[in-house]
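The lines below spell out each chain.
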Amino acid sequence: EFKRNPNAVWIMKPPAKAQGKGIFLFSKMSQISEWRKDYKFKTANERKEEQQAGTGPEPYLAQRYIDNPHLIGGKKYDLRIYVLVTSFSPLTVWLHRSGFARFCHSRFSMDDIDNSFVHLTNVAVQKTNPKYAPQNGCKWGIRSLRQYMTASVGEAASNQAFTDIQSMILRTLQSVQRIMMNDKHCAELYGYDVMFDNDLKPILIETNASPSLTAETPADYHLKFNVIEDYFNVLDLERRRSGEEVRVGGFDMIWKNGPVGVTMNDPSATNVLSYLGCANEFEIPLNRITLPPKMAAIATSNNERLLT
(Lines give C-alpha, C1' and ligand atoms only; values in the text may rest on other atoms or scores of the structure.)
Protein backbone atom coordinates (compact mmCIF):
# COMPACT_ATOMS: atom_id res chain seq x y z
CA GLU A 1 0.00 0.00 0.00
CA PHE A 2 2.85 2.37 0.83
CA LYS A 3 4.53 1.65 -2.53
CA ARG A 4 1.30 2.16 -4.44
CA ASN A 5 0.98 5.67 -2.95
CA PRO A 6 4.54 7.05 -3.01
CA ASN A 7 3.55 10.66 -2.31
CA ALA A 8 1.06 9.95 0.47
CA VAL A 9 1.41 10.93 4.12
CA TRP A 10 0.73 8.29 6.76
CA ILE A 11 -0.18 8.51 10.42
CA MET A 12 1.13 6.11 13.08
CA LYS A 13 -0.96 5.40 16.19
CA PRO A 14 -0.21 3.16 19.18
CA PRO A 15 -3.47 1.20 19.71
CA ALA A 16 -2.97 0.87 23.47
CA LYS A 17 -2.75 4.63 24.14
CA ALA A 18 -5.19 7.52 24.19
CA GLN A 19 -5.29 11.34 24.19
CA GLY A 20 -3.01 11.62 21.18
CA LYS A 21 0.00 10.07 22.91
CA GLY A 22 2.57 8.55 20.59
CA ILE A 23 0.87 9.69 17.36
CA PHE A 24 3.02 11.05 14.55
CA LEU A 25 2.98 11.52 10.77
CA PHE A 26 5.52 10.26 8.25
CA SER A 27 5.98 10.31 4.49
CA LYS A 28 9.18 8.26 4.08
CA MET A 29 9.94 4.74 5.23
CA SER A 30 13.29 5.96 6.55
CA GLN A 31 11.42 7.96 9.20
CA ILE A 32 10.30 4.73 10.87
CA SER A 33 13.29 2.57 9.88
CA GLU A 34 14.53 1.94 13.42
CA TRP A 35 11.11 0.86 14.67
CA ARG A 36 10.51 -1.26 11.56
CA LYS A 37 13.91 -2.97 11.73
CA ASP A 38 13.57 -3.77 15.40
CA TYR A 39 10.11 -5.25 14.90
CA LYS A 40 10.74 -7.14 11.64
CA PHE A 41 13.58 -9.41 12.74
CA LYS A 42 11.95 -10.71 15.92
CA THR A 43 9.96 -13.92 16.15
CA ALA A 44 6.36 -13.82 17.31
CA ASN A 45 7.34 -15.26 20.71
CA GLU A 46 10.13 -12.72 21.15
CA ARG A 47 7.75 -9.88 20.35
CA LYS A 48 5.18 -11.21 22.83
CA GLU A 49 7.76 -11.62 25.61
CA GLU A 50 9.15 -8.13 25.05
CA GLN A 51 5.69 -6.56 25.03
CA GLN A 52 4.79 -8.32 28.28
CA ALA A 53 8.04 -7.11 29.83
CA GLY A 54 7.61 -3.63 28.38
CA THR A 55 11.01 -3.71 26.70
CA GLY A 56 10.17 -4.36 23.05
CA PRO A 57 9.14 -2.00 20.27
CA GLU A 58 5.67 -0.62 20.74
CA PRO A 59 3.02 -1.91 18.31
CA TYR A 60 1.60 0.73 15.99
CA LEU A 61 -1.26 1.05 13.55
CA ALA A 62 -0.51 2.88 10.28
CA GLN A 63 -3.31 4.67 8.43
CA ARG A 64 -3.41 6.75 5.27
CA TYR A 65 -3.54 10.35 6.46
CA ILE A 66 -6.49 12.43 5.26
CA ASP A 67 -4.73 15.34 3.57
CA ASN A 68 -7.90 16.97 2.22
CA PRO A 69 -10.10 17.47 5.31
CA HIS A 70 -13.10 19.78 5.38
CA LEU A 71 -11.96 22.97 7.10
CA ILE A 72 -13.80 25.62 9.08
CA GLY A 73 -11.95 28.88 9.51
CA GLY A 74 -8.98 27.17 7.88
CA LYS A 75 -8.75 24.65 10.75
CA LYS A 76 -9.06 20.89 10.81
CA TYR A 77 -11.64 19.19 13.03
CA ASP A 78 -13.14 15.79 13.74
CA LEU A 79 -16.40 14.65 15.32
CA ARG A 80 -17.09 12.63 18.45
CA ILE A 81 -20.45 10.86 18.13
CA TYR A 82 -22.11 8.71 20.80
CA VAL A 83 -23.68 5.40 19.78
CA LEU A 84 -25.36 3.01 22.21
CA VAL A 85 -25.71 -0.67 21.32
CA THR A 86 -28.08 -2.47 23.68
CA SER A 87 -27.95 -5.78 21.80
CA PHE A 88 -26.05 -7.43 18.96
CA SER A 89 -28.65 -10.19 18.59
CA PRO A 90 -30.90 -8.71 17.41
CA LEU A 91 -28.77 -5.67 16.57
CA THR A 92 -30.27 -2.67 18.39
CA VAL A 93 -28.63 0.73 17.89
CA TRP A 94 -29.32 4.13 19.40
CA LEU A 95 -27.70 7.33 18.09
CA HIS A 96 -27.42 10.41 20.30
CA ARG A 97 -28.34 13.76 18.77
CA SER A 98 -25.56 15.58 20.59
CA GLY A 99 -21.83 15.32 20.19
CA PHE A 100 -19.04 17.70 19.43
CA ALA A 101 -16.41 18.74 16.92
CA ARG A 102 -12.81 19.02 18.18
CA PHE A 103 -10.77 21.71 16.45
CA CYS A 104 -7.06 22.13 15.98
CA HIS A 105 -5.72 25.43 17.31
CA SER A 106 -3.59 26.21 14.25
CA ARG A 107 -4.60 26.58 10.62
CA PHE A 108 -4.26 23.47 8.48
CA SER A 109 -1.27 22.99 6.19
CA MET A 110 0.56 19.98 4.79
CA ASP A 111 3.83 21.93 4.75
CA ASP A 112 4.64 20.99 8.34
CA ILE A 113 3.59 17.42 9.17
CA ASP A 114 5.49 17.49 12.47
CA ASN A 115 3.27 20.17 14.03
CA SER A 116 0.76 18.42 16.31
CA PHE A 117 -1.25 21.61 16.80
CA VAL A 118 -2.06 21.53 13.08
CA HIS A 119 -2.82 17.84 12.59
CA LEU A 120 -4.02 16.26 15.87
CA THR A 121 -7.47 17.23 17.12
CA ASN A 122 -7.07 15.50 20.50
CA VAL A 123 -7.97 17.91 23.31
CA ALA A 124 -5.05 16.63 25.41
CA VAL A 125 -2.70 17.76 22.62
CA GLN A 126 -4.36 21.11 21.92
CA LYS A 127 -4.36 21.98 25.64
CA THR A 128 -0.56 22.17 25.55
CA ASN A 129 -0.63 24.99 23.00
CA PRO A 130 0.57 28.21 24.69
CA LYS A 131 -2.38 30.10 23.19
CA TYR A 132 -5.00 27.61 24.38
CA ALA A 133 -7.82 29.25 26.36
CA PRO A 134 -9.13 26.71 28.91
CA GLN A 135 -12.30 28.70 29.61
CA ASN A 136 -13.34 28.33 25.95
CA GLY A 137 -11.87 24.94 25.04
CA CYS A 138 -11.58 23.82 21.43
CA LYS A 139 -14.98 22.17 20.89
CA TRP A 140 -18.09 23.03 18.94
CA GLY A 141 -21.43 21.28 19.34
CA ILE A 142 -22.54 19.06 16.45
CA ARG A 143 -25.82 20.99 16.33
CA SER A 144 -23.86 24.19 15.69
CA LEU A 145 -21.81 22.38 13.05
CA ARG A 146 -24.93 21.15 11.28
CA GLN A 147 -26.42 24.65 11.33
CA TYR A 148 -23.16 26.06 9.94
CA MET A 149 -23.07 23.47 7.16
CA THR A 150 -26.72 24.09 6.30
CA ALA A 151 -25.98 27.80 5.96
CA SER A 152 -22.75 27.32 3.99
CA VAL A 153 -23.49 24.39 1.62
CA GLY A 154 -27.28 24.13 1.76
CA GLU A 155 -29.84 21.98 3.55
CA ALA A 156 -29.72 19.09 1.07
CA ALA A 157 -25.94 18.69 1.21
CA SER A 158 -25.94 19.02 5.00
CA ASN A 159 -28.71 16.43 5.43
CA GLN A 160 -26.86 14.04 3.11
CA ALA A 161 -23.58 14.44 5.01
CA PHE A 162 -25.14 13.55 8.37
CA THR A 163 -27.22 10.77 6.83
CA ASP A 164 -24.01 9.29 5.42
CA ILE A 165 -22.49 9.30 8.93
CA GLN A 166 -25.50 7.41 10.28
CA SER A 167 -25.30 4.86 7.44
CA MET A 168 -21.58 4.39 8.04
CA ILE A 169 -22.19 3.73 11.75
CA LEU A 170 -24.77 1.08 10.93
CA ARG A 171 -22.49 -0.63 8.39
CA THR A 172 -19.62 -0.86 10.87
CA LEU A 173 -21.85 -2.49 13.48
CA GLN A 174 -23.46 -4.85 10.98
CA SER A 175 -20.00 -5.95 9.81
CA VAL A 176 -19.07 -7.21 13.31
CA GLN A 177 -22.52 -8.25 14.50
CA ARG A 178 -21.96 -11.99 14.01
CA ILE A 179 -18.62 -12.15 15.80
CA MET A 180 -19.52 -10.02 18.83
CA MET A 181 -20.29 -11.83 22.07
CA ASN A 182 -23.84 -10.92 23.03
CA ASP A 183 -25.13 -10.75 26.59
CA LYS A 184 -28.67 -9.53 27.15
CA HIS A 185 -27.55 -8.03 30.48
CA CYS A 186 -24.90 -5.81 28.83
CA ALA A 187 -24.81 -2.68 26.70
CA GLU A 188 -21.96 -0.70 25.20
CA LEU A 189 -21.58 3.03 24.62
CA TYR A 190 -19.23 3.72 21.71
CA GLY A 191 -17.49 6.95 20.78
CA TYR A 192 -17.20 7.23 17.01
CA ASP A 193 -14.50 9.56 15.68
CA VAL A 194 -15.40 10.80 12.19
CA MET A 195 -13.97 13.34 9.77
CA PHE A 196 -15.34 14.95 6.61
CA ASP A 197 -13.14 15.36 3.55
CA ASN A 198 -13.47 18.50 1.44
CA ASP A 199 -16.35 16.87 -0.48
CA LEU A 200 -18.23 16.27 2.80
CA LYS A 201 -17.70 12.52 2.56
CA PRO A 202 -17.53 11.10 6.10
CA ILE A 203 -14.50 8.96 6.95
CA LEU A 204 -14.34 6.75 10.04
CA ILE A 205 -11.15 7.37 12.01
CA GLU A 206 -11.77 4.95 14.86
CA THR A 207 -14.41 3.54 17.18
CA ASN A 208 -13.75 3.84 20.90
CA ALA A 209 -15.19 1.45 23.45
CA SER A 210 -15.83 3.18 26.80
CA PRO A 211 -15.20 6.71 25.43
CA SER A 212 -13.93 9.34 27.83
CA LEU A 213 -16.72 11.17 29.66
CA THR A 214 -14.36 13.53 31.50
CA ALA A 215 -15.42 17.17 31.10
CA GLU A 216 -13.11 20.08 30.32
CA THR A 217 -15.58 22.97 30.63
CA PRO A 218 -19.12 23.53 31.98
CA ALA A 219 -20.53 23.15 28.45
CA ASP A 220 -18.64 19.87 28.07
CA TYR A 221 -19.97 18.72 31.44
CA HIS A 222 -23.52 19.65 30.40
CA LEU A 223 -23.32 17.61 27.20
CA LYS A 224 -21.85 14.51 28.84
CA PHE A 225 -24.20 14.73 31.82
CA ASN A 226 -27.13 14.51 29.40
CA VAL A 227 -25.55 11.64 27.46
CA ILE A 228 -25.12 9.65 30.69
CA GLU A 229 -28.64 10.53 31.87
CA ASP A 230 -30.11 9.38 28.56
CA TYR A 231 -27.92 6.26 28.60
CA PHE A 232 -29.43 5.05 31.87
CA ASN A 233 -32.92 5.99 30.73
CA VAL A 234 -32.49 3.80 27.64
CA LEU A 235 -31.28 0.91 29.82
CA ASP A 236 -34.40 1.48 31.97
CA LEU A 237 -33.14 -0.21 35.11
CA GLU A 238 -36.30 0.83 36.95
CA ARG A 239 -38.60 -0.58 34.25
CA ARG A 240 -40.45 2.67 33.58
CA ARG A 241 -40.58 2.39 29.77
CA SER A 242 -43.01 0.38 27.71
CA GLY A 243 -40.20 -0.97 25.55
CA GLU A 244 -41.78 0.35 22.35
CA GLU A 245 -40.09 3.77 22.38
CA VAL A 246 -37.91 4.77 19.44
CA ARG A 247 -36.69 7.89 21.21
CA VAL A 248 -35.47 8.35 24.79
CA GLY A 249 -34.08 11.79 25.62
CA GLY A 250 -31.36 12.56 23.10
CA PHE A 251 -31.09 8.95 21.90
CA ASP A 252 -32.95 7.94 18.74
CA MET A 253 -33.25 4.25 17.91
CA ILE A 254 -32.00 3.83 14.33
CA TRP A 255 -31.93 0.04 14.04
CA LYS A 256 -33.64 -2.93 15.68
CA ASN A 257 -33.09 -5.94 13.47
CA GLY A 258 -34.01 -3.56 10.66
CA PRO A 259 -34.64 0.15 10.00
CA VAL A 260 -36.45 1.98 12.79
CA GLY A 261 -37.66 5.56 13.15
CA VAL A 262 -35.83 8.05 10.98
CA THR A 263 -33.93 5.31 9.08
CA MET A 264 -37.23 4.07 7.61
CA ASN A 265 -37.08 7.09 5.29
CA ASP A 266 -40.73 8.01 5.66
CA PRO A 267 -41.25 11.48 4.08
CA SER A 268 -44.64 11.80 5.77
CA ALA A 269 -42.92 11.69 9.19
CA THR A 270 -39.85 13.90 8.63
CA ASN A 271 -37.85 15.53 5.87
CA VAL A 272 -34.49 14.56 7.39
CA LEU A 273 -32.85 11.14 7.30
CA SER A 274 -30.80 11.50 10.48
CA TYR A 275 -31.45 13.36 13.72
CA LEU A 276 -27.72 13.65 14.44
CA GLY A 277 -27.10 17.31 15.20
CA CYS A 278 -30.79 18.14 15.59
CA ALA A 279 -32.28 19.85 18.64
CA ASN A 280 -32.93 17.84 21.80
CA GLU A 281 -35.85 19.46 23.58
CA PHE A 282 -35.62 16.90 26.41
CA GLU A 283 -32.11 17.82 27.56
CA ILE A 284 -31.61 18.93 31.14
CA PRO A 285 -30.64 22.65 31.18
CA LEU A 286 -27.26 23.62 32.56
CA ASN A 287 -28.84 25.73 35.33
CA ARG A 288 -30.54 22.58 36.71
CA ILE A 289 -27.27 20.63 36.96
CA THR A 290 -25.09 20.83 40.06
CA LEU A 291 -21.59 21.40 38.72
CA PRO A 292 -18.40 20.36 40.53
CA PRO A 293 -16.89 23.35 42.44
CA LYS A 294 -14.18 24.07 39.86
CA MET A 295 -16.70 23.91 37.02
CA ALA A 296 -19.14 26.14 38.88
CA ALA A 297 -16.46 28.81 39.31
CA ILE A 298 -15.81 28.79 35.56
CA ALA A 299 -19.51 28.85 34.72
CA THR A 300 -20.18 31.98 36.79
CA SER A 301 -17.33 33.90 35.15
CA ASN A 302 -17.76 32.81 31.57
CA ASN A 303 -20.62 32.98 29.06
CA GLU A 304 -19.59 29.79 27.28
CA ARG A 305 -21.61 28.56 24.33
CA LEU A 306 -23.29 25.22 25.00
CA LEU A 307 -22.35 22.13 22.99
CA THR A 308 -25.93 20.80 22.73
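Our structure's up above, just so we're on the same page.
Residues numbered from 1 in each chain as written. Predicted model: local features only at pLDDT ≥ 70, side-chain atom pairs only at ≥ 80, totals over all residues. Heavy atoms only, no water.

Novice: Describe the nonpolar core, with residues and values.
Specialist: Counting residues in hydrophobic clusters, the biggest one holds 31 residues, and the most contacted among them are I81, V83, I165 and L173. For this core, the element with the highest residue contribution is helix α6 (residues 155–176), accounting for 7 residues. Ignoring sequence-local partners within four residues, the contact set of V83 consists of V93, W94, L95, I169, L173, E188, L189, Y190 and Y192. In this structure, L84, Y231, M253 and V260 belong to the second largest nonpolar core, which totals 15 residues. (Core = buried A, V, L, I, M, F, W, Y, C linked by side-chain atoms within 4.5 Å. Buried < 20%, exposed > 50% of the residue type's maximum accessible area, 1.4 Å probe, protein only. Helix = DSSP H or I, 4+ residues; strand = E, 2+ residues; numbered from the N terminus. Contact = heavy atoms within 4.5 Å.)

Novice: I'd like a rundown of the layout of surface pockets, residues and numbers included.
Specialist: Roughly 970 Å³ of internal volume is contained in the largest pocket. Around the largest pocket sit 43 residues that line it, and Q19, R102, N122, D193 and E206 are the ones nearest its centre. Of all the secondary-structure elements, those providing two or more residues to the lining of the largest pocket are β1 (10–13), β3 (61–64), β4 (77–88), β5 (91–103), α4 (123–126), β7 (188–196) and β8 (202–209). Here the residues of the lining of the largest pocket sort into 19 nonpolar, 10 polar and 14 charged. For the second largest pocket, the lining is made up of 19 residues, of which T86, K184, V234, L235 and R241 are closest to its centre. Broken down by secondary-structure element, the contributors of at least two residues to the lining of the second largest pocket are β4, β5, α7 (218–235) and β10 (251–256). When its residues are assigned to classes, the lining of the second largest pocket shows 8 nonpolar, 5 polar and 6 charged. (1 Å grid on protein atoms, 1.4 Å probe; cavity = no way out; pocket = protein on both sides within 12 Å on 5 of 7 lines; lining within 4 Å. Points joined across faces, edges and corners; volume = space filled by probe spheres on them. Nonpolar A, V, L, I, M, F, W, Y, C, P; charged D, E, K, R; others polar.)

Novice: Please set out the environment of L306 residue by residue, giving values where relevant.
Specialist: Mapped onto the elements, L306 comes out in the segment after α8 (293–301). Looking at L306, the relative accessible area reads 31%, which means it is partly exposed. As for L306 and T217, which are separated by 89 residues in sequence, their C-alpha atoms are 9.8 Å apart. Look past the residues within four positions of L306 in its chain and what remains in contact with it is A219, H222 and L286.

Novice: Now, about the pattern of salt bridges: what can you tell me, with residues and values included?
Specialist: The tally for this structure, following the rule as stated, stands at 10 salt bridges. Where R97 meets D252, a salt bridge forms, and the shortest distance between an N and an O atom there is 2.7 Å. On the criterion of sequence distance, the pair formed by R97 in strand β5 and D252 in strand β10 is long-range, its members being 155 residues apart. Taken as a pair, R97 and D252 share a single burial class, namely buried. Overlapping salt bridges bring together D78, R80, R102 and D193 as one network. (Salt bridge = Lys/Arg side-chain N within 4 Å of Asp/Glu carboxyl O.)

Novice: Just give me the short version of the state of the cysteines, but keep the residues and values in it.
Specialist: All told, the structure shown has 0 disulfides when counted by the stated rule. There is no disulfide at C104, and the cysteine sulfur nearest it, in C138, is 8.4 Å away. (Disulfide = S-S within 2.5 Å.)

Novice: Which residues make up the packing of aromatic side chains, and what are the values?
Specialist: Under the criterion given, the structure shown has 8 aromatic pairs. Relative to F196, the ring of F162 lies with its centre 6.0 Å away and its plane at 70°, an arrangement referred to as edge-to-face. Placement of the pair is F162 in helix α6 and F196 in strand β7, with a sequence separation of 34 residues. Judged by its relative accessible area of 1%, F196 is buried. Ring centres of Y231 and F232 lie 5.2 Å apart, and the angle between their planes is 80°; on these two criteria the pair is classed as edge-to-face. (Phe/Tyr/Trp six-rings, centres within 6.5 Å; stacked < 30°, edge-to-face > 60°.)

Novice: Kindly report on the side chain of R146, identifying the contributing residues and their values.
Specialist: Looking at the secondary structure, you find R146 in helix α5 (residues 142–153). Notably, R146 is buried but unbridged: the nearest opposite-charge side chain belongs to E155, and the N-O separation is 7.1 Å. R146 has contacts with S158, N159, F162, V272, S274, Y275, L276, G277 and C278, leaving out every residue within four places of it along the chain. (Lys, Arg positive; Asp, Glu negative; His and termini not counted.)

Novice: Account for the pairing of β4, naming residues and giving values.
Specialist: Along any regular strand the residues' side chains alternate between the sheet's two faces. Within β4, 12 of the 12 residues are buried, which leaves it mostly tucked inside the rest of the structure. Both β4 and β5 contribute to a ladder of 10 bridges, which runs antiparallel. Residue pairing in the sheet places V83 in a bridge with L95 of β5. Linking β4 to β5, which pair antiparallel, is a turn of 2 residues. (Pairing = 2+ DSSP bridges.)

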